Amino acid sequence: MVIEEIGPTMLILIYIAFVMGLANVCLLLGLLNSYWKTYKEIKSQFTIGLLYFGSFLLVQNILVTLALVVPLVIHMVPFKISSTEFGPQIVFILVNMIQLIALSILYKITKE
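What counts as what
Residues numbered from 1 in each chain as written. Predicted model: local features only at pLDDT ≥ 70, side-chain atom pairs only at ≥ 80, totals over all residues. Heavy atoms only, no water. Helix = DSSP H or I, 4+ residues; strand = E, 2+ residues; numbered from the N terminus. Buried < 20%, exposed > 50% of the residue type's maximum accessible area, 1.4 Å probe, protein only. Contact = heavy atoms within 4.5 Å. Areas by Shrake-Rupley, 256 points an atom, 1.4 Å probe, with all protein chains shown as cover. Patch = residues over 30% accessible without salt bridge, like charges linked within 9 Å, V, L, I, M, F, W, Y side chains within 5 Å. Salt bridge = Lys/Arg side-chain N within 4 Å of Asp/Glu carboxyl O. pLDDT = per-residue confidence, 0-100. Phe/Tyr/Trp six-rings, centres within 6.5 Å; stacked < 30°, edge-to-face > 60°. Polar contact = N/O pair within 3.5 Å; in protein donor to acceptor, adjacent residues only side chain to side chain. Expected span 1.5 Å × (residues − 1). Bend = angle between axes of the 7 residues up to and from the residue. Core = buried A, V, L, I, M, F, W, Y, C linked by side-chain atoms within 4.5 Å.

Draft legend 1. Up close: the overall build of the protein chain. Scanning the protein chain from N- to C-terminus turns up four helices and zero strands. Along its sequence from the N terminus, the protein chain presents helices and strands in the succession α-α-α-α. Of all 112 residues assigned to the protein chain, the portion counted as buried reaches 25%. A separation of at least 24 residues holds for 69% of the contacts in the protein chain among residues at least 6 apart in sequence. Surface exposure of the protein chain reaches about 7900 Å², of which carbon and sulfur atoms provide 73%.

Below you can see the structure in the form of structure tokens.
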């Protein structure tokens, strides 16, 4: 059972992280809505950049939130990962890559 493998304290921390991830997703959706309304009014490069940045950050938060919950929902996914397994690491590599893209967009727009 999952609770016996990771312990109740870690399980609570994972659920707290999941709730914070959901809150982040909701906040990002609100921000994207606001950015979209601003873009429709002024159609500037900066608001396009904010839309790209917010979208990539939203994808990152969704992936991280799912990565936290999948092992709890699907008991076939191991929580203890050996150094020879590479499955969950791919998710976090994608998360970091998406974050890099988003920060690069923000940097480019800031420099213009």
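Next, the rest of the story.
Draft legend 2. Examining a nonpolar patch on the surface more closely. A surface patch of nonpolar side chains, about 400 Å² in accessible area, is lined by Ile62, Leu66, Val70, Val73 and Ile74. Summarising the element assignment, Val73 is placed in helix 3 (residues 45-73). Its relative accessible area of 56% is what places Val73 among the exposed residues.

Draft legend 3. The confidence of the model for the protein chain, seen in detail. Predicted confidence across the protein chain gives a mean pLDDT of 74, with 67% of residues reaching 70 or more. The least confident element of the protein chain is helix 1 (residues 2-6), whose mean pLDDT is 53; the most confident is helix 3, at 86. Counted against residues more than four places away or in other chains, residues 81-86, with its pLDDT under 50, gives five contacts.

Draft legend 4. Representation of the packing of aromatic side chains within the structure. Throughout the structure, instances matching the rule amount to one aromatic pair. Summarising the aromatic geometry, the rings of Trp36 and Tyr39 are spaced 5.7 Å apart at their centres and angled 35 degrees between planes, so their arrangement reads as tilted. A residue pair is termed a helical-turn pair when its members lie 3 or 4 positions apart in one helix, as Trp36 and Tyr39 do in helix 2 (residues 8-42) at three residues.

Draft legend 5. Focus on the side chain of Asn61. Note that Asn61 resides in helix 3. Polar contacts involving the side chain of Asn61 include one to the main-chain carbonyl oxygen of Leu57, which spans 2.9 Å. Those residues in contact with Asn61, other than ones at most four positions away along the chain, are Asn24, Val25 and Leu28.

Draft legend 6. Here's a closer look at the environment of Leu32. By secondary structure assignment, the location of Leu32 is in helix 2. Sequence separation between Leu32 and Leu50 is 18 residues, and the spatial gap between their C-alpha atoms is 8.0 Å. Not counting residues up to four positions away in its chain, the partners in contact with Leu32 are Leu50, Leu51, Gly54, Ser55 and Leu58.

Draft legend 7. Geometry of helix 3. In this model helix 3 runs 41 Å from its N-terminal to its C-terminal C-alpha over 29 residues, within 8% of the 42 Å that 1.5 Å per residue would give. Where helix 3 bends most, at Ala67, the angle is about 25 degrees, and the proline Pro71 comes one to four residues later.

Draft legend 8. Representation of unusual backbone geometry in the model. Unlike most non-glycine residues, Lys43 shows phi in positive territory, near 45 degrees. For Lys43, the location among the structural elements is in the loop between helix 2 and helix 3.

Draft legend 9. Region of the structure containing the nonpolar core. Membership of the largest hydrophobic core is limited to six residues, which are Val25, Leu28, Leu32, Tyr39, Leu51 and Leu58. If you list the elements that add at least two residues to this core, you get helix 2 and helix 3. With four residues, helix 2 is the largest single contributor of residues to this core. Beyond its immediate sequence surroundings of up to four residues, Leu58 is in contact with Val25, Leu28, Leu29 and Leu32.

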